[in-house]
Amino acid sequence: AIGVREALLWSGFWILLSLLFNVGIFYKFGARTGTEFLTGYLLEKALSVDNLFVFLLLFTHFSVPPEVQHRVLFWGILGALITRAFFIFSGTILIQMFHWVLYLFGAFLLFTGFKLLFQKDQDEEEIGQNGLVRYCKKVFRLTETYEGSKFFTRRKGRLFATPLLLVLIAVESTDILFAVDSIPAIFGITQDPFIVFTSNIFAIL
């Protein structure tokens, strides 16, 4: 289990690493690109607060033991690297082919903004029972309790998924939903896929 002191030290490390990377961007590519990275990083960092709040609700809903929460987030972040890379490079190709896609991104952000403004807050139960989680409950044989840090376990020769797998799926699907909001936002700052991807990744870390 990661305590407050360790969490603060790791957070400080990742922020410092991000700023050092930003210095390298300024030095290598100039002030404009360096400013774009810093702006994108701060934007994604601010948006990531939503992710943390929802992850906390998910851990509470599924009663995830503190000592395995880091394992879920570790694999969740690896999944986020892959899915966000796909979204970013797909978005870059679309923008290069059809510049008017940027206006669609802007309209989508306005739509989601107004939706968030007027919708009722989701409670812990709703967040923990998204469609993908419900589907996986039907497809997988599930154990009733956690099996340490295992996502799968065997009982009498049969393979079972543990509740930890459901938590990972909930975290991954939630991050995809957040990416659909945050990636169009950063394309409003820069269309350079290198800057979009790296600022996203450093904010996630």
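As the structure is a prediction and not an experimental result, all values here were calculated from the model.

**Re the pattern of salt bridges**
Logical step 1: Counted according to the given criterion, the structure contains 4 salt bridges.
Logical step 2: Arg32 is the salt-bridge partner of Glu36, the closest N and O atoms lying 3.6 Å from each other. Of this pair, Glu36 and Arg32 are both found in helix 2 (residues 31–61), 4 residues apart, which corresponds to roughly one turn of the helix.
Logical step 3: Taking the relative accessible area as the measure of exposure, Arg32 reaches 67% and is therefore exposed.
Logical step 4: Here Glu147 makes a salt bridge to Arg155, at a shortest N to O gap of 2.6 Å.
Logical step 5: Using a relative accessible area of 23% as the deciding quantity, one classes Glu147 as partly exposed.
Logical step 6: For Arg155, a relative accessible area of 35% gives the class partly exposed.
Logical step 7: Residues joined in a network through salt bridges with shared partners are Glu44, Arg84 and Asp175.

**Digging into helix 7 (residues 163–187)**
Logical step 1: The terminal C-alpha atoms of helix 7 lie 36 Å apart, and with 25 residues this matches the ideal 36 Å at 1.5 Å per residue to within 8%.
Logical step 2: Roughly 30 degrees is the biggest bend found in helix 7, and it falls at Ala179.
Logical step 3: Counted residue by residue, helix 7 has 21 buried out of 25 residues, so it is predominantly covered.

**Some details on the environment of Val23**
Logical step 1: Within the secondary structure layout, Val23 lies in helix 1 (residues 4–29).
Logical step 2: What makes Val23 exposed here is its relative accessible area of 54%.
Logical step 3: Separated by 159 residues in the primary sequence, Val23 and Ser182 place their C-alpha atoms 24 Å from one another.

Cut-off values and rules
- Residues numbered from 1 in each chain as written.
- Predicted model: local features only at pLDDT ≥ 70, side-chain atom pairs only at ≥ 80, totals over all residues.
- Heavy atoms only, no water.
- Salt bridge = Lys/Arg side-chain N within 4 Å of Asp/Glu carboxyl O.
- Helix = DSSP H or I, 4+ residues; strand = E, 2+ residues; numbered from the N terminus.
- Buried < 20%, exposed > 50% of the residue type's maximum accessible area, 1.4 Å probe, protein only.
- Expected span 1.5 Å × (residues − 1).
- Bend = angle between axes of the 7 residues up to and from the residue.

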